[in-house]
Amino acid sequence: MKEDLRHGLGIALSALVFLANYSPAARAAAQQVATLYDAEAGQTVETAAAAGARTLIPGGQAVGVALRTRGVMVVAKSTKEGAKSSLRVGDVIISVGGESVTSAQELSEHVNEENADEVTLGVQRGDKSLSVRVSTPVDASDGKRRLGVWVRDSTAGVGTLSYIDPAAGSYGALGHAIVDGDTGGMLEVSEGAIMRARVVGVTRGQSGKAGELKGSFLRENEQIGSLVYNSVYGIYGRMDAQPEDALYPQGLPVGTRSSVHTGEATIITTVDEDGPKEYKVEILRCFAQDEPSQKGMILRVTDERLLEKTGGIVQGMSGSPILQDGHIIGAVTHVYLSDAAQGYGMYIEWMLEQSDRLSGGEEAAA
């Protein structure tokens, strides 16, 4: 039976709603004493990492996400009469006539510099790299040559920070990929950043329709980290500045997936301008897993404060950290459309496998 659920983030992008084994370097770093600077107290404080346990600072803050894609993605074909193209929706255009392109503007410039009835494009189609000949008729309205497609080269929206790894200086957020709202394809990052954001409104979740957080960050434009890697299991990068409103600034130890159990737990999330707060949930079921999955546990919101404000889990809350027994154990990933109070969470170990790639020297591959 097809599950009736949606990514808990459904990140609002360009006015569209889109929805372990650690590396040796990270293991070694986790054994060291991690210290954080307490701005208020004006002193350093020792975290639980001193005892040998891997420690993360739980997030829950709303963050702005902005990225530029590698190449430009075809999101639609032109509806103009006579417009034809051998390109497909979801194709990523990497080059024109052997010249690389990084933006829609560069694409248009290269096509017109060629000034030919056909051009050769370097295209990524799924996992295949292709060379595609495409006609470029002249548009009578402005005299410019066109490919007959609509493309996108960047996107922006608001999501939730899951954790900061103080030993590695990295972070994880969202719990699932940023995808294109038109094609559903996962966006490959050329460059990007996360920024401080404010939640300025909430649309409550209802049966059959997911709710949504509304955020603002472009006005503030205060970068707090780089965005290096967009994966099925979230977004990851380097952290430049620790959020000042962390509920557990000294960190919490990581809870392994084998330690997670049914019963009481909490999530940290931001649903208004007052910043992150901790809310009660109940873990209804845990799944034994040997491979990464976005769906490791089923949880239900039980906190009346959150239910009253949002109806449960809404788009924008994906990535909210899940805590149990004094440990950080996972992050929210999906909401049931049929029951906004219920959704899925992913084990934190699967997210750490992704952020540990940064410590393991795989940053260039992102």
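Use the structure listed above.
Residues numbered from 1 in each chain as written. Predicted model: local features only at pLDDT ≥ 70, side-chain atom pairs only at ≥ 80, totals over all residues. Heavy atoms only, no water.

> Explanation requested: the packing of aromatic side chains in the structure shown.
Here the structure, examined in full by the defined rule, presents two aromatic pairs. Ring centres of Y229 and Y236 lie 6.3 Å apart, and the angle between their planes is 35 degrees; on these two criteria the pair is classed as tilted. Here Y229 falls in the buried class, since its relative accessible area comes to 15%. Ring centres of Y336 and Y344 lie 5.6 Å apart, and the angle between their planes is 25 degrees; this geometry places the pair in the stacked category. Lying across the ring of Y344, K295 places its NZ or CZ 5.7 Å from the centre. (Phe/Tyr/Trp six-rings, centres within 6.5 Å; stacked < 30°, edge-to-face > 60°. Buried < 20%, exposed > 50% of the residue type's maximum accessible area, 1.4 Å probe, protein only. Lys NZ or Arg CZ within 6 Å of the ring centre and 35° of its normal.)

> Hey, could you run me through the pattern of salt bridges in this one?
In the structure shown here, the tally under the stated rule is 16 salt bridges. Linking K277 and D272 is a salt bridge whose minimum nitrogen-to-oxygen distance equals 3.9 Å. For K277, a relative accessible area of 26% corresponds to the partly exposed category. A salt bridge links R300 to D339; its shortest N-O distance comes to 2.4 Å. Of the two residues, R300 is situated in strand 23 (residues 297–301) and D339 in strand 26 (residues 339–347); the sequence distance between them amounts to 39 residues. Take R300: its relative accessible area is 27%, and that puts it in the partly exposed class. One salt-bridge network, in which partners are shared between bridges, spans D272, D274, K277 and K309. (Salt bridge = Lys/Arg side-chain N within 4 Å of Asp/Glu carboxyl O. Helix = DSSP H or I, 4+ residues; strand = E, 2+ residues; numbered from the N terminus.)

> Quick question: what am I supposed to make of the environment of K209 here?
Mapped onto the secondary structure, K209 falls in the loop between strand 15 (198–203) and strand 16 (212–216). Among the residues examined, K209 registers a relative accessible area of 58% and is labelled exposed. Between the C-alpha atoms of K209 and A340, which are 131 residues apart in sequence, the distance is 8.4 Å.

> It is not clear to me how helix 2 (residues 104–114) should be interpreted in this structure. Could you clarify?
Each α-helix turn comprises 3.6 residues. Residues three or four places apart therefore point the same way. Among all positions in helix 2, only L107, H110 and V111 are buried. The arc enclosing the buried residues of helix 2, seen along the axis, measures out at 100 degrees, which places them on a common side. Among the exposed residues of helix 2, those oriented more than 90 degrees off its buried face are Q105 and E113. Lining the buried residues of helix 2 we find strand 7 (62–77), strand 8 (92–96), strand 9 (99–100) and strand 12 (149–165). The first or second residue beyond helix 2 is N115, which carries a positive phi of 45 degrees. (Arc of directions from axis to C-beta. Contact = heavy atoms within 4.5 Å.)

> Explain the pairing of strand 10 (residues 118–125) here, please?
Within a regular beta strand, the side chains point alternately toward one face of the sheet and then the other, so they alternate between its two faces. Examined bridge by bridge, strand 8 and strand 10 share four bridges and lie antiparallel to one another. Across the sheet, the residue bridging to V92 is Q124, located in strand 10. Pairing of strand 10 with strand 11 (residues 128–135) involves eight bridges; the strand directions are antiparallel. Paired with G122 across the strands is S131, a residue of strand 11. Hairpin connection of strand 10 to strand 11: two residues between the antiparallel strands, including G126 at a positive phi of 65 degrees. (Pairing = 2+ DSSP bridges.)

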